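Close look at the chain arrangement
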Amino acid sequence: MLELAGVTKVFKTGMFGKEETTAVSDVSFTVQPGEVISLIGESGSGKTTVGRMILRLTGATAGSITFDGSDVSRFGRRALRGYYADVQGVFQDPFSSYNPVYKVDRVLGMIRSSYLPDLSQEDWRTKLRKSLEAVSLVPADVLGKYPHQLSGGQLQRLMIARALLLDIKFLVADEIISMLDASTRIDVLNLLGDLKERGVGILFITHDLSLGNYISDRTIILRRGRIVEMGATPKVFGNPVHPYTQMLLFAVPHLHSKWAEGAEGAAGWEHEVSESAAGPLVEVERDHLVASDEGTSLAGAQPQQAQGGENR
Amino acid sequence: MSLAVDNLRVYYRTLKGDVRALDGASFTVADGEIMGLAGESGCGKTTLGKSLVRLDGRMQVMGGTVTLDGVELPIADDNAMNEFRFREVSIVPQYAMSALNPIRKIGRMISELLDSRGVSYDETLPELSRRLALVGLDDGVLDRYPIELSGGMKQRVVMVLSTLMNPSLLIADELTSALDVSTQKAVAEMLVEFRERKFVKSTIVITHDLSILYQIADTILVMYAGKLVEKASAAKITEDPRHPYTRLLIGSLPEVGVRFADRRLEGIPGRPPGLLNPPAGCRFRDRCPLAFEKCAEEPPFAEIAPGRFAACWKAGS
Amino acid sequence: MSTVGPRADLAATPEIALTGDGAGDHDLGPDGNRFETLHFAFHNTKLVIGLTVVLAFLVLAIVGPWLTDSTPFEFGYPLGQPPSSQYWLGTTSSGQDVYAQFVYGLRSSFLVGAIAALVAGSLGMAIGFVGGYLGGVIDDILSMLTNIVLVIPTLAVLIIVAAYLKVGSLWTEALLIGLTSWPWAARAIRAQTFSLAARDFVNLARLSGRGTTRVIVNEIAPNMSSYLFLVFILLFGGSVLTAATLDFLGLGPSQVMSLGLMMNTAVSNAALQLGLWWWFIPPGIAITAIVGGLYVMNVGLDEVFNPRLRRT
Amino acid sequence: MTRYLARKVLLYLLTFFFAVTIDWAIPRLMPGNPIDGLIARIQADSTASQQLHGYFTESFGLNQPLWRQYLNFWLGLLHGDLGPSIAYVGSSVSQLIWAAIPYTLALLVPAIVLSYIAGNRVGAMAARRKVLDNTALPAAYILTATPYMWLALVLAYFLAFKWSIFPVSGAYDFSLQPGWTWEFARSFLSHWFLPFLTLFLVAFGGWAIGMRNLIIYELESEYANYLQALGAPSKLVRKYAYGNAVLPQMSGLALALGAVVGGALVTEIVFGYPGIGTLIITALQNRDYFLMQGLFLMIIIGILVANFIVDIAYVIVDPRTRAGIQGS
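Residues numbered from 1 in each chain as written. Chains lettered and ligands numbered in written order. Predicted model: local features only at pLDDT ≥ 70, side-chain atom pairs only at ≥ 80, totals over all residues. Heavy atoms only, no water.

**Focus on the overall build of chain B**
Broken down by element type, chain B carries 9 helices and 12 strands. Scaling as 2.2 N^0.38, a compact globule of 317 residues should have a C-alpha radius of gyration of about 20 Å, and chain B matches this with 20 Å. Overall, chain B is about 65 × 50 × 40 Å in size when its C-alpha atoms are taken along their principal axes. Every one of the 317 residues in chain B was classed for burial, and the buried ones make up 57%. Accessible surface computed for chain B: about 12,000 Å², of which carbon and sulfur atoms make up 51%. (Helix = DSSP H or I, 4+ residues; strand = E, 2+ residues; numbered from the N terminus. Rg over C-alpha atoms; globule rule 2.2 N^0.38 Å. Buried < 20%, exposed > 50% of the residue type's maximum accessible area, 1.4 Å probe, protein only. Areas by Shrake-Rupley, 256 points an atom, 1.4 Å probe, with all protein chains shown as cover.)

What follows is the structure, given as structure tokens:
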């Protein structure tokens, strides 16, 4: 359905763009219908930029993004509208996703005027009711209100309902629950699970490993714009190979097991995992690839045929 | 000795009336104890933390007393409180990364602050650089401007500065929420290190992240809608939570290992009540699965077992 | 003489007073906050005082000329009479009715102020919105242009242009002032647009198939309505000052009576030496009161829209 | 740091180029021929006016192609030759300007500097004391809204004509020769004081208002809250708040130069003070295009130089610009 090949993004800053910073370099992955992929990385890893490039909110400097075979970057205004009928996004801050000057219904109204203009009032109301029910929202609690009168959880759920109005094929969810309280967070996450069962592909962007693990089928670990590890979620979490992934999993606070004493300790200040030369992705096991940087013990790794990595 | 808070009430004055952000908190924190203060946004934990150090803007103490090491803190009187600030009670603020004056070199700012509090900078310098080294910073930091440091480095400078006078009580307000996983662990462990090295006697760590508290806190106090809900040791509160809210809250946290496919976690339906005129009785009543008619009467925050407190009629069973 | 646009020395303050601490406080959502905004508006002494002063002079400008049948340039009245019941503001050394000159002068000042504020405001909005929203090279060019015009002492330009052009009517004078007083407004609006454009609801509008102009008009501009109003107030005040200065230099329209022209003729007819204070004092008081009222109103409004400034 | 200043120099050079082009273009693009107006004023009979017309067109070089004129204009400018003055026949524009500049600077520099210092001080205090906030601030609003020329008129009328405490017109007593005598200095100061006071009062208002708002913001900033949470006395907190608030005021200073210069021009006219302002009014009345063009350029150059000085001062005062460049 969606395929990213060698996608790279370089931002120009400074006076007339003299300085350059590489946010994303050579990222490639595919998303099948009904598949949830979590894109995990710390701040500055470029994960949000990947999401924005897929949504064509910023252009890719190199590489290609194809959706159902057609190249997204070459879409004109009309084709882009068609694309947005299949691909939608939900963002991090619910209170920034709604224009405070209007009632929340406007967000739904925009979808109707842009994509479903000739829908009868009757059909529109049933479609609206169905999508609100799908996100367990009672129309009366939500419609006709201003954003500041609703909770973060309700606003995010309404955002998903908005996407459901379009029977989308693919959703980019960029840190959609990091601003929510723990208790309402999980309901929104479960919604993504329901979407998955309706065959919608989801890119779940987050910095929180436990959330990524909970909801996704496959996981991609990003570091400073590069994929360091990628594959089936149980494999990546169960058998992390790249030192960066290991460090991340090691540092995550669990509710029932204390941090392993010793090793890391206070000395581990922003410990730099070796800034080694970036090696190509090598398949460690089926559906589990790791970047072959130095310090990555690739015991039993087979070179990834497609990538043509050297034999180790 | 330790911190004892008795029926502390702090409200926010607004145009439409008083928001009863903190409505009667009574608890104690022993010496050497790291108490986690957890709860969802708007539950009053930051209000509690701030009121122990400095009331800002529209906060007003409505009642209750706070005693630290046997001495009652004049928290309602801003000037009188000055004497205790920094020396006895200190805070690492939520905005630690932007708490340093941008136009002063860090060393100069610290020396001006110490002078203003009648402390000689030169005498403190050796200890200061020792503590900076402890958190992985060299003396060169003192000669640079805040803009030249990374967010993490600035936060560590603030942590060292706030605890420089070995305060009896340290409030750490949402220290880790803005950090990445890697630095989060180091910062959290540093708090424990500060206690081990007697930089601070007792610490209150304010955060919404229960798993961080499980790692470093001795006890955890959970708050909901301006009220204390449950307090117990970190282990007990996670394994055997007694208050329905705590139980549901912990139940909704996805642990690494739990997957959607095999077990679908449940959140807590509904929303916390508005605190402009909160409902009578237990404030969790309309979201609580165990609610019954007695809940109309507010449950006291009582000791249900040695070292365990809860505010629920059914918590005792 | 005063600068174009609000006093440049004050130009420094509007930027600060206006931006306040970012867009956050300016987009007070209606309903819940509207009650609060109105409440503060009526109780804000600065706003009330400023508004009453400005309105008083506006009423005088409208009603004033009807109360007298003499016209500003008409001669034949006794020479150099001090204010009396018959000649409310006395007469000039050449026998003209000062009251008539004053009230007609007031009218032209309000007129020039309004037109120039409209011209400068729309230019400022166009450049500010486009630059702030599109960013990139366009933004660099527009900001460069803005900075250039901002540095050039707009007054020197006006002198040269007015000297050659022989300004015939209020409209040309207002146009001239407007064309040279837009830069600081453009800069203030650009900064505000920049911060709003980064908000998620702008991206969401684009995901709902909205083009650039519709995003600016429907999403960004409404959030800045209170801000734009403040900009207009300052532009209006500044233009009145600049017009008075130009007229004082004799560069304004000579057939149309204005407060500046009054002072010019007073000085050139030795009003000071002759002690005809009633000839040159009133026009100055009017300008000071109107412009001062506008600035005080601006601060009052800024406090209403931006609670941090309030001294509660 | 150098990169920051280099960018500023580029901006000013561009501005200068842009301004010179405007200055050159206006007379040539304006409807009607400046020379017709010129000759009409001299009311010579028709034959004489024909020769005069030829002579002036020749001397202005208006008969050459436009681009040639533009080149000559730049060449003349670079040699400091701004052409002959029509109003003061026989003296060159540059001479007149160089004679007038010292007087204008004598007014401008002290007015700007003193009003900046006083305004900021009062603004800072007003942010702290309620009583000042309700007295000094309203006065500041009125002052900053006052047209320079009107305040000049009022001061001239009361302090000079009515109670004749101060002289009006001229920079010193005509009977005196400029020199380092005590008497000359006294006379110079008494002529200088009223125009200076006008500029000082109006500019002062602007700074006071600006500083008052800035201080309130800084007092609520995060570093201020943190200091207070550590029990720092309010004196230290205010000192830091003032230090941070002064910076935007400095960039405001660069912006405000245009206004104060404009104010000086008008004030000079009211007091007949022999600075650039009086020169402009004579140039206007006599349609002396060369003098006007020269004056316009002088003002531009003056303001650009002043802006650059303020930028340098800003970089020195604000460590962020310096450190930002070499920072990590």
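**Focus: helix α4 (residues 121-134) of chain B**
All names here are of chain B. In this model α4 runs 19 Å from its N-terminal to its C-terminal C-alpha over 14 residues, within 8% of the 20 Å that 1.5 Å per residue would give. Considering bend angle alone, the principal kink of α4 is centred on E127 and spans about 30 degrees. All buried positions along α4 are accounted for by Y121, T124, L128, S129, R131 and L132. Looking at the buried positions of α4, the neighbouring elements they touch are α3 (106-116) and α5 (151-162). Looking at where α4 begins, the residue whose side-chain oxygen comes 3.4 Å from the main-chain nitrogen of D122 is S120. (Expected span 1.5 Å × (residues − 1). Bend = angle between axes of the 7 residues up to and from the residue. Contact = heavy atoms within 4.5 Å. Polar contact = N/O pair within 3.5 Å; in protein donor to acceptor, adjacent residues only side chain to side chain.)

**Remarks on the packing of helix α4 (residues 98-134) of chain C against helix α5 (residues 136-151) of chain C**
All names here are of chain C. The interhelical angle for the contact between α4 and α5, taken along N-to-C directions, is 140 degrees, at an axis separation of 7 Å. Of the two elements, α4 crosses α5, and the hand of that crossing is left-handed. For the pair formed by α4 and α5, the contact residues are I127, V130, G131, G132 and L134 on the first element and G136, I138, D139, L142 and T146 on the second. For the contact of α4 with α5, a count of residues per class yields 5 nonpolar, 4 polar and 1 charged. (Axes fitted to C-alpha atoms, helices over the stretch in contact; angles between N-to-C directions. Left-handed = near helix turned anticlockwise from the far one by under 90°. Nonpolar A, V, L, I, M, F, W, Y, C, P; charged D, E, K, R; others polar.)

**Remarks on the interface of chain D and chain C**
Contact with chain D, which involves 69 residues of that partner, is made by 61 residues of chain C. Note on chain D versus chain C: buried area summed over both sides is about 5,600 Å², and carbon and sulfur give 77% of it. At the boundary of chain D and chain C, one finds 0 salt bridges. On inspection of chain D and its partner chain C, the count reaches 2 residue pairs in polar contact (both at pLDDT 80 or more). Within the residue set of the side of chain D that touches chain C, elements represented by two or more residues are α1 (2-29), α5 (93-128), α6 (130-145), α7 (148-162), α8 (182-219), α10 (234-271), α11 (276-285) and α12 (289-317) of chain D. When residues of the side of chain D that touches chain C are assigned to their parent elements, the largest contribution, 13 residues, is made by α10(D). In terms of residue class, the side of chain D that touches chain C is made up of 50 nonpolar, 12 polar and 7 charged. (Buried area = accessible area lost by both parts, 1.4 Å probe. Salt bridge = Lys/Arg side-chain N within 4 Å of Asp/Glu carboxyl O.)

**What to know about the sheet that holds strand β1 (residues 3-14) of chain B**
All names here are of chain B. Across the sheet, which stays open at both edges, the 4 strands sit in the order β2-β1-β4-β5 with antiparallel pairing between neighbours. The two strands at the open ends of the sheet, each matched to only one other strand, are β2 (17-29) and β5 (71-72). Here strand β4 (residues 59-68) pairs with β5 via 2 bridges, running antiparallel. Residue pairing across strands places L68 opposite V71, the latter belonging to β5. (Pairing = 2+ DSSP bridges.)

**Observations concerning the interface of chain D and chain B**
On the side of chain B, 29 residues touch chain D, which itself brings 25 residues to the contact. Interface area, chain D with chain B, both sides summed: about 2,300 Å², of which 63% is carbon and sulfur. It is Y226(D), L230(D) and Y240(D) in chain D that bury the most area against chain B; as a group they hold 30% of the surface buried on that side. Put simply, chain D and chain B have 1 salt bridge between them. Where the side of chain D that touches chain B is concerned, the elements lending two or more residues are α9 (222-229), α10 and α13 (319-326) of chain D. Tallying contributions element by element places α9(D) first for the side of chain D that touches chain B, with 7 residues.

**With respect to the packing of aromatic side chains**
To describe a pair of aromatic rings, one takes the distance between the centres and the angle between the planes. All names here are of chain B. Under the definition given, this model contains 27 aromatic pairs over all chains. Their ring planes at 15 degrees and their centres at 5.7 Å tell us that F301 and F309 sit as a pair that is stacked. When the ring centre of F199 is taken as reference, the NZ or CZ atom of R131 above it lies at 3.7 Å. Taking the ring centre of W313 as reference, the NZ or CZ of K294 above it sits at 3.7 Å. (Phe/Tyr/Trp six-rings, centres within 6.5 Å; stacked < 30°, edge-to-face > 60°. Lys NZ or Arg CZ within 6 Å of the ring centre and 35° of its normal.)

**Some remarks on the packing of α7(D) against α10(D)**
Residue and element names in this part refer to chain D. Between α7 and α10, the least distance of the axes is 8 Å, while the angle of their chain directions is 35 degrees. With respect to the hand of their crossing, α7 and α10 are arranged in right-handed fashion. Contacts from Y148, M149, A152, L153, L155 and A156 in α7 reach A259, V260, G263, V266, T267, V270 and F271 in α10. Looking at the contact of α7 with α10 residue by residue, the class counts come to 11 nonpolar, 2 polar and no charged.

**Focus: the sheet that holds strand β6 (residues 87-90) of chain A**
Residue and element names in this part refer to chain A. Sheet architecture is open: 8 strands sit in the order β6-β7-β8-β3-β9-β10-β12-β11, paired in mixed fashion. Each of the sheet's edge strands pairs with one partner strand only, and the pair in question is β6 and β11 (281-285). Taking each pair of neighbouring strands and ignoring which way they run, the sheet shows an average axis angle of 20 degrees. Sheet analysis places strand β9 (residues 218-223) next to strand β10 (residues 226-232), joined by 6 bridges and oriented antiparallel. Pairing of R218 across the sheet is with A232, part of β10. In the packing of helix α1 (residues 47-54) onto the sheet, contacts are made with β3 (36-41), β7 (170-174), β8 (201-206) and β9, and the angle to β8 comes to roughly 150 degrees.

**Here's the deal with the pattern of salt bridges**
Tallied over the entire structure, the rule returns 36 salt bridges over all chains. As a salt-bridge pair, R130(B) and E127(B) come within 2.0 Å of each other at their nearest N and O atoms. Here R130(B) pairs with E127(B), and both are found in helix α4, just 3 residues apart, close to one helical turn. Ionic pairing is found between E297(B) and K294(B), a salt bridge with its closest N-O pair at 3.5 Å. A relative accessible area of 46% means that E297(B) is categorised as partly exposed. Within this structure, R104(B), R108(B), E112(B) and K239(D) form a network of salt bridges that share partners.

**Overview of a nonpolar patch on the surface**
Residues and elements named next belong to chain C. On the surface, L51, L55, L58, V59, I62, V63, W66, L67 and W88 cluster together to form a nonpolar patch covering roughly 850 Å² of accessible area. Counting through the fold element by element, I62 comes out in helix α3 (residues 45-63). The class for I62 is partly exposed, based on a relative accessible area of 40%. (Patch = residues over 30% accessible without salt bridge, like charges linked within 9 Å, V, L, I, M, F, W, Y side chains within 5 Å.)

**Some thoughts on the pairing of β11(A)**
Residue and element names in this part refer to chain A. In terms of burial, β11 is a largely internal element, 4 of the 5 residues being buried. Of the pairings in the sheet, the one linking β11 to strand β12 (residues 288-291) comprises 4 bridges and is antiparallel in character. By the bridge assignment for β12, E283 is matched with L289. Between β11 and the antiparallel strand that follows it, β12, lie 2 residues; D287 among them carries a positive phi value of about 55 degrees.

**Looking at the side chain of T245(C)**
All names here are of chain C. Locating T245 in the fold gives a position in helix α11 (residues 225-248). The exposure class of T245 is buried, given its relative accessible area of 0%. Engagement of the side chain of T245 in a polar contact is seen with the backbone oxygen of L241, the distance being 2.7 Å.

**Regarding the side chain of D311(D)**
Residue and element names in this part refer to chain D. Tracing the backbone shows D311 in helix α12. Given the relative accessible area of 7%, D311 is considered buried. Here D311 is in contact with Y4, K8 and Y12, once residues within four sequence places are set aside.

**Re helix α6 (residues 181-196) of chain B**
Residue and element names in this part refer to chain B. Its 16 residues give α6 an end-to-end C-alpha distance of 23 Å, which sits within 8% of 22 Å, the value for a rise of 1.5 Å per residue. Burial analysis of α6 places 13 of its 16 residues in the buried class, which makes it a mostly covered element. Two residues or fewer past α6, K198 is found with a positive phi of approximately 60 degrees.

**Considering the confidence of the model for chain A**
For chain A, the mean per-residue pLDDT works out to 83, and 86% of the residues sit at or above 70. Low pLDDT (under 50) marks residues 262-272 of chain A, which in the prediction has 23 contacts with non-local residues, meaning those over four places away or in another chain. (pLDDT = per-residue confidence, 0-100.)

**Regarding the nonpolar core**
Counting residues in hydrophobic clusters, the biggest one holds 205 residues, and the most contacted among them are F102(C), L106(C) and I97(D). Counting residues per element, this core draws most heavily on α8(D), which supplies 18 residues. Residue contacts for L106(C): discarding those within four places in its chain leaves F57(C), L60(C), A61(C), L259(C), A286(C) and I290(C). By size, the runner-up hydrophobic cluster in this structure holds 85 residues, among which are L55(A), V104(A), I227(A) and L204(C). (Core = buried A, V, L, I, M, F, W, Y, C linked by side-chain atoms within 4.5 Å.)

**Thoughts on unusual backbone geometry**
Despite not being glycine, E175(A) shows a phi value in the positive range, around 50 degrees. Inspection of the secondary structure assignment puts E175(A) in the loop between β7 and α8 (182-197). The phi angle at E174(B) is positive, at roughly 50 degrees, despite the residue not being glycine. Position of E174(B) among the secondary structure elements: in the loop between β7 (169-173) and α6. By relative accessible area, E174(B) is classed as buried at 8%.

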